[in-house]
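Here is how the chains run, residue by residue.
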Amino acid sequence: MTQILEDNNIKLSQDNIPSHIAVIMDGNGRWAKKRGLPRVAGHKEGMNNVKTIAIKASKLGVKVLTLYAFSTENWGRPSTEVNFLMKLPIDFFGVFMPELMQNNIRVFATGILDDVPEKTRNIIIKAIDETKNNTGMILNFAFNYGGRADILEATKRIVKKIQNDELVIDDIDESLFSKNLLTNTLKGFSDPDLLIRTSGETRISNFMLWQMAYTEMIFEDILWPDYSPENLVEDIYKFQNRDRRFGKLN
Ligand code: FPP
């Protein structure tokens, strides 16, 4: 077992790095409030932290890092905040694309992009295209994503295939259902091994409901803009000390 000593004196075993880490980046608003700043200042700081954590995750050997950047429920926030969140991908890729390229990071998106403003959608599609030959970590933005919507859309796709005589009911199994979810683009890595939620809230807020059936969960009492690369190392260490049985005995 190869062990690598990280800066904070934690030894991670190289052969048990979670392949797919999903993060609910919560607490931007509270981070800003604590400093007497508008909520959007927290989102901006949260956006900067996306780059820091993505680079650390890629260096640690994570294969897919999915970040919950905008949920199907977030449309219910005040329009000024929604507009700001819609502009974040434009800022993010505008500033950080060279560093993503240097780190061989490939951009993906999981969500209903058709309902996202055109300018935002186009910038995300451009980032996916520009990084398509990178062979390192997949940085997957869950953008306009909802777990229930994902399951409903998969169901509709399957029913249509049955109506078109492309499938029969007995063809429906877990593997076929998974292939009809938005995470199908992640191939063998569609299900997160580890979920991290920051800010102390302990819920999954409609995130990857099907995909998280056997995901290990860690809830950190740290606001997302304060979540550091050392925290990521600690969380991977906690993951490595969990006993994953997938419903079996060992
Ligand atoms: C939840 O915190 C956070 C969000 C709804 C947005 C998360 C987005 C980012 C961190 C930036 C994403 C970056 C890109 C490139 C798209 P909250 O606002 O609910 O915080 P609160 O619970 O403290 O109010």
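Treat the numbers as computed from the prediction; the structure is a model and nothing was measured.

Looking now at the site of the ligand. In the vicinity of the ligand, 19 residues are found, and the nearest of them are Gly29, Arg30, Arg39, His43 and Arg77. Within the backbone of Asn28, a nitrogen or oxygen atom sits 3.2 Å from an oxygen atom of the ligand. Residue Arg77 places a side-chain N or O atom 2.8 Å away from an oxygen atom belonging to the ligand. When the ligand sits alone it has 630 Å² of accessible area, and the protein chains cover 91% of it. Structurally, the ligand is housed in the largest pocket. When contributions to the shell around the ligand are tallied by element, the ones reaching two or more residues are helix H1 (28-34), helix H2 (39-60) and helix H3 (79-102).

Looking now at the packing of H2 against helix H7 (residues 229-240). At a closest axis distance of 9 Å, the pairing of H2 and H7 adopts a crossing angle of 45°. Classified by the angle between their axes, H2 and H7 sit oblique to one another. Judged by the sense of rotation from one axis to the other, the crossing of H2 with H7 is right-handed. On H7, the residues that touch Thr52, Ile53, Lys56, Ala57 and Leu60 of H2 are Pro229, Leu232, Val233 and Ile236.

Here we take up the layout of surface pockets. Roughly 700 Å³ of volume is contained in the largest pocket. Around the largest pocket, the lining comprises 32 residues; the ones closest to its centre are Met25, Asn28, Tyr68, Ala69 and Asn74. Looking at the lining of the largest pocket, the elements with two or more residues in it are H1, H2, strand S4 (64-71), H3 and strand S6 (138-145). When its residues are assigned to classes, the lining of the largest pocket shows 16 nonpolar, nine polar and seven charged. When its volume is computed, the second largest pocket comes out at roughly 210 Å³. If you trace the second largest pocket, you find it lined by Glu174, Ser178, Asp191, Pro192, Asp193, Trp210, Gln211, Ala213, Tyr214, Thr215, Arg244 and Phe246.

A separate point is the sheet that holds strand S8 (residues 216-219). Here six strands make up an open sheet; going across it, the order is S5-S6-S4-S3-S7-S8 and the pairing parallel. The outermost strands of the open sheet, each flanked by one partner alone, are strand S5 (106-110) and S8. Within the sheet, the average angular offset between the axes of one strand and its neighbour, ignoring direction, is 20°. Pairing geometry for strand S7 (residues 194-197) and S8, over four bridges, is parallel.

Attention now moves to helix H5 (residues 147-163). The first and last C-alpha atoms of H5 sit 25 Å apart over 17 residues, in line with the 24 Å expected at 1.5 Å per residue. Considered for burial, the residues of H5 that qualify are Gly147, Asp150, Ala154 and Ile158. Looking straight down H5, one finds that the buried residues subtend no more than 65° of arc, so they occupy a single side. Facing away from the buried side of H5 by more than 90 degrees, the exposed set consists of Arg148, Leu152, Lys160 and Gln163. Those residues of H5 that are buried are in contact with S6 and helix H6 (174-179). Looking one or two places after H5, you find Asp165, whose phi comes out positive at around 60°.

Definitions and cut-offs
- Residues numbered from 1 in each chain as written.
- Predicted model: local features only at pLDDT ≥ 70, side-chain atom pairs only at ≥ 80, totals over all residues.
- Heavy atoms only, no water.
- Near = heavy atom within 4 Å.
- Polar contact = N/O pair within 3.5 Å; in protein donor to acceptor, adjacent residues only side chain to side chain.
- Areas by Shrake-Rupley, 256 points an atom, 1.4 Å probe, with all protein chains shown as cover.
- 1 Å grid on protein atoms, 1.4 Å probe; cavity = no way out; pocket = protein on both sides within 12 Å on 5 of 7 lines; lining within 4 Å.
- Sits in = over half its atoms within 2 Å of the grid points.
- Helix = DSSP H or I, 4+ residues; strand = E, 2+ residues; numbered from the N terminus.
- Axes fitted to C-alpha atoms, helices over the stretch in contact; angles between N-to-C directions.
- Parallel < 35°, antiparallel > 145°, perpendicular 65-115°, else oblique.
- Left-handed = near helix turned anticlockwise from the far one by under 90°.
- Contact = heavy atoms within 4.5 Å.
- Points joined across faces, edges and corners; volume = space filled by probe spheres on them.
- Nonpolar A, V, L, I, M, F, W, Y, C, P; charged D, E, K, R; others polar.
- Pairing = 2+ DSSP bridges.
- Expected span 1.5 Å × (residues − 1).
- Buried < 20%, exposed > 50% of the residue type's maximum accessible area, 1.4 Å probe, protein only.
- Arc of directions from axis to C-beta.

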